[in-house]
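Analysis of the macromolecular model
Here are the chains, one letter per residue:
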Amino acid sequence: MSRAVVLGIDVGTSGIRCVAMDAAGEPIAAASHRFVDRQINSRDPLGWAVLVDRTLADVLLQIDRDAVQGIAIDGTSGSLLAIDAQGRPLAPPLMYNDAVADAAIVRRIAAIAPAASAAHGPTSGLAKAIVLQATSGVVRLLHQADWLAARLTGEWDVGDENNALKTGYDCVTGCWGAWIGESGLRENLLPRIVPAGTPIAPILPVLADRFGLSRQVTIVAGTTDGCASFLATGAREIGDGVTALGSSLTLKVLADRPICSPEHGIYSHRIAGGWLAGGASNTGGRVLAAYFDRDRLAELSEHIDPDREARFDYYPLLAVGERFPFADPGLSPRLSPRPVNETDFLHELLAGIAAIEAEGYSRLTQLGAPMLRSVRSVGGGAANPNWTLMRQRLLGAPFLPARSVEAASGVARLALQGIGLGVPA
């Protein structure tokens with residue numbers, strides 16, 4: 001077995017995590033730092049860079065740095081910044097959840113973008129790009145992960161196709177949409193795009209020397225945090241699904257063809273030899289947290305009968321509006337009648353979320369995705385055994401353990417691919 005080691009760096013909403021992985025796909029070291037103050041925060045590119053460097057240095061203290069051969073980075077999907085010719089940020093970035101306030105921009109995109117494009121909507125990368133192009137001195141627009149990778153190579157004109165999807169890149173044709181110029185965006189500001197897992201360039205010599213790394217270390221094109229999380233679980237076969245039970249409910253399944261249906265909140269990333277199709281619902285852990293603290297949730301869950309059918313047709317939301325398995329900005333929460341008994345109320349909430357998960361996978365299958373081969377679960381809700389049994393009964397597919405829940409491990413697998421060692425199961 002090769003002694004090669006790769007590093008995967010995850011840039012999340014709360015901080016940075018780095019995982020060192022060997023050639024067999026086993027994590028051998030890890031470190032993390034959180035965004036904790038005004039000087040180093042989640043909206044400051046220089047803060048991102050400081051924490052990436054700190055986290056990288058911490059991991060290198062734990063391993064044989066001479067064995068490091070590749071590095072890849074993931075970032076939050078749709079986060080975008082404007083830079084000059086030297087790669088310096090010129091304005092605060094627009095983050096993944098920032099909505100463009102100019103309704104005219106959103107309407108213009110809606111009028112010309114193909115229906116299946118992920119560039120629709122006020123939080124799309126394209127809408128943000130149109131806003132950021134007005135920044136004085138801008139030479140390039142880069143996504144978060146691409147900018148952080150470019151710091152390591154000096155290649156300020158390269159991006160990966162997963163992060164570019166919401167900015168109007170067409171993964172099917174392998175090019176930026178021919179219609180993008182009609183949106184008002186100056187196309188010369190866009191980077192050239194390569195598939196996730198593609199070798200970009202060697203690390204800059206000055207950085208190799210600073211970190212004590214070989215100057216031959218390859219920087220590999222990364223991906224979004226969501227795609228990295230999928231890869232981390234070990235899912236890699238067509239039909240493998242991953243459910244993220246975090247503050248929201250997110251479903252992804254690996255398909256053999258792209259599945260795109262904006263009216264259902266569904267789009268696809270090309271990765272791992274297939275197409276990662278899915279969507280995110282507005283239901284999830286945030287609804288449970290509005291009624292129960294963590295300890296109470298765990299206590300009540302122990303008394304739930306996972307074989308009992310739901311008595312009511314709950315659709316658990318905290319506010320009006322849904323994204324997936326159908327896009328309906330006017331959908332109201334359904335949380336009544338409310339049982340007096342707290343255990344019964346929690347049962348109905350969990351059953352409602354499980355039903356939305358089942359409907360989501362069913363919707364994907366109806367639109368051309370394969371039947372579920374397996375399901376892996378990540379996020380806080382994955383640790384609830386009775387809820388797992390409820391969900392398994394509805395989905396009817398084998399539930400497999402996730403190999404890892406760390407997005408950094410997923411993007412490390414892309415680094416292995418980039419240095420020619422594949423993406424281990």
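Here we summarise the structure given alongside this text. Each chain has its residues counted from 1, running along the sequence as written. Predicted model: local features are reported for residues with pLDDT of at least 70 only, side-chain atom pairs are reported and counted for 80 or more only, and whole-chain, interface and lining totals are derived from all residues. Derived side-chain values reflect all non-hydrogen atoms in the structure, with water molecules and hydrogen atoms excluded from consideration.

The buried count for strand β2 (residues 15-22) comes to six of eight residues, which makes it a mostly enclosed element. Note on pairing: DSSP must find at least two bridges between two strands before they are called paired. A run of H or I in DSSP becomes a helix once it reaches four residues, and a run of E becomes a strand once it reaches two; helices and strands are each numbered from the N terminus. Sheet topology places strand β1 (residues 5-11) next to β2; seven bridges connect them, and they run antiparallel. Directly across from Ile 9, in β2, lies its bridge partner Cys 18. The loop that links β1 with its antiparallel partner β2 comprises three residues. Relative to strand β3 (residues 27-34), β2 runs antiparallel, the two being bridged by seven bridges. For Gly 15, the partnering residue across the bridge sits in β3 and is Arg 34. Hairpin connection from β2 to β3: four residues lie between these consecutive antiparallel strands, with Gly 25 at a positive phi of about 85°. Note on exposure labels: buried denotes an accessible area under 20% of the residue type's maximum, exposed denotes more than 50%, and partly exposed covers the range between, all computed with a 1.4 Å probe on protein chains only.

On to the packing of helix α1 (residues 45-60) against helix α4 (residues 144-153). To get an axis, a line is fitted to the C-alpha atoms, and for a helix only the part in contact is used. The angle between two axes follows their N-to-C directions and goes from 0 to 180 degrees. Their axes nearest at 11 Å, the elements α1 and α4 cross at an angle of 60°. When the axes of α1 and α4 are compared, the pair comes out oblique. Seen from above, α1 lies across α4 with right-handed handedness. Packed against α1, whose contacting residues are Pro 45, Trp 48, Ala 49, Val 52 and Asp 53, the element α4 presents Gln 144, Trp 147, Leu 148 and Arg 151 at the interface. Considered class by class, the residues forming the contact of α1 with α4 number six nonpolar, one polar and two charged. Roughly parallel means an angle under 35 degrees; roughly antiparallel means over 145; roughly perpendicular covers 65 to 115; every other angle is labelled oblique. Note on convention: the crossing is left-handed when the near helix lies turned anticlockwise from the far helix by less than a right angle, right-handed when the turn is clockwise. Contact criterion: two residues are considered in contact whenever any of their non-hydrogen atoms come within 4.5 Å of each other. Residue polarity is assigned by list, with Asp, Glu, Lys and Arg as charged and Ala, Val, Leu, Ile, Met, Phe, Trp, Tyr, Cys and Pro as nonpolar; anything else, Gly included, falls into the polar class.

With respect to the helices, strands and loops of the structure, Ala 196 is situated in the loop between β10 (192-194) and β11 (199-202). The class of Ala 196 is buried, set by a relative accessible area of 10%. In this structure the C-alpha to C-alpha distance between Ala 196 and Asp 305, which are 109 residues apart in sequence, comes to 43 Å. Leave out the neighbours within four places in its chain, and Ala 196 touches Glu 161, Asn 162, Ala 221, Gly 222, Thr 223, Ile 271, Leu 414 and Gln 417.

With 41 residues, the main nonpolar core has Leu 7, Ile 63 and Trp 147 as its most contacted residues. Secondary-structure elements contributing two or more residues to this core are β1, β2, β3, α1, β4 (68-75), β5 (80-83), α4 and α6 (205-211). Setting aside chain neighbours within four positions, we find Ile 63 in contact with Val 5, Leu 7, Ala 20, Ile 28, Ala 29 and Val 68. Throughout, nonpolar core names a set of buried Ala, Val, Leu, Ile, Met, Phe, Trp, Tyr and Cys residues whose side chains join them through atoms within 4.5 Å.

Turning to α1, a few remarks are in order. Compared with the 22 Å implied by 1.5 Å per residue over 16 residues, the 23 Å span of α1 between its first and last C-alpha is a close match. Among the residues making up α1, those that are buried are Pro 45, Gly 47, Trp 48, Ala 49, Leu 51, Val 52, Asp 53, Thr 55, Leu 56, Val 59 and Leu 60. Polar contact is defined as a pair of N or O atoms within 3.5 Å, subject to the rule that within protein one atom must be able to donate a hydrogen and the other to accept it, and that residues adjacent in sequence are counted only when both atoms are side-chain atoms. By the N-cap criterion, in which a side-chain oxygen at the helix start approaches the backbone nitrogen of a residue two or three places on, α1 is capped by Asp 44, the distance to Leu 46 being 3.1 Å. Residue count minus one, scaled by 1.5 Å, sets the expected span of a helix.

Quick look at the sheet that holds strand β15 (residues 267-271) now. As summarised here, the arrangement of the five strands in space is β15-β16-β14-β13-β17, forming an open sheet in which the pairing is mixed. At either end of the open sheet lies a strand with only one pairing partner, and these are β15 and β17 (374-378). Ignoring which end each strand starts from, the neighbouring axes of this sheet average 25° apart. Inspection of the sheet shows strand β14 (residues 249-255) paired to strand β16 (residues 274-281) by seven bridges, in the antiparallel sense. Residue pairing across strands places Ala 255 opposite Trp 275, the latter belonging to β16.

Let us look at the packing of helix α7 (residues 225-232) against helix α12 (residues 407-418). Orientation of α7 relative to α12, taken along the N-to-C sense of each, is 85°, at an axis distance of 6 Å. Judged by the angle between their axes, α7 and α12 are roughly perpendicular. Of α12, the residues touching α7 (which contributes Asp 225, Ala 228, Ser 229, Leu 231 and Ala 232) are Ala 407, Ser 409, Gly 410, Val 411, Arg 413 and Leu 414. Split by residue class, the contact of α7 with α12 holds six nonpolar, three polar and two charged.

In this section: the pattern of salt bridges. What makes a salt bridge here is a side-chain nitrogen of Lys or Arg within 4 Å of a carboxyl oxygen of Asp or Glu, nothing more. Under the criterion given, the structure shown has 21 salt bridges. Salt-bridge contacts for Glu 406 lead to Arg 17; the nearest nitrogen and oxygen are separated by 3.0 Å. Note that Glu 406 is positioned in the loop between α11 (385-395) and α12 and Arg 17 in strand β2, a separation of 389 residues in sequence. Asp 98 is the salt-bridge partner of Arg 43, the closest N and O atoms lying 2.7 Å from each other. Taken together, the residues span a long stretch of sequence, with Arg 43 in the loop between β3 and α1 and Asp 98 in the loop between β5 and α2 (103-112) at a distance of 55 residues. A single salt-bridge network, built from bridges that share partners, covers Asp 53, Arg 151 and Arg 210.

Moving on: the state of the cysteines. A pair of cysteine sulfur atoms is labelled a disulfide when the two atoms are within 2.5 Å. Applying the stated rule across the entire model yields zero disulfides. For Cys 175, which is in no disulfide, the shortest distance to another cysteine sulfur is to Cys 171 and amounts to 10 Å. Classification of Cys 175 as partly exposed rests on a relative accessible area of 35%. Of all cysteine sulfurs in the structure, the one in Cys 171 sits closest to Cys 260, which takes part in no disulfide; the separation is 8.5 Å.

Let us look at the environment of Thr 123. You can see Thr 123 is positioned in the loop between α2 and α3 (125-132). For Thr 123, a relative accessible area of 33% corresponds to the partly exposed category. As for Thr 123 and Ala 412, which are separated by 289 residues in sequence, their C-alpha atoms are 28 Å apart. Excluding residues within four positions of it along the chain, Thr 123 makes contact with Tyr 96, Asn 97, Asp 98, Ala 99 and Lys 128.

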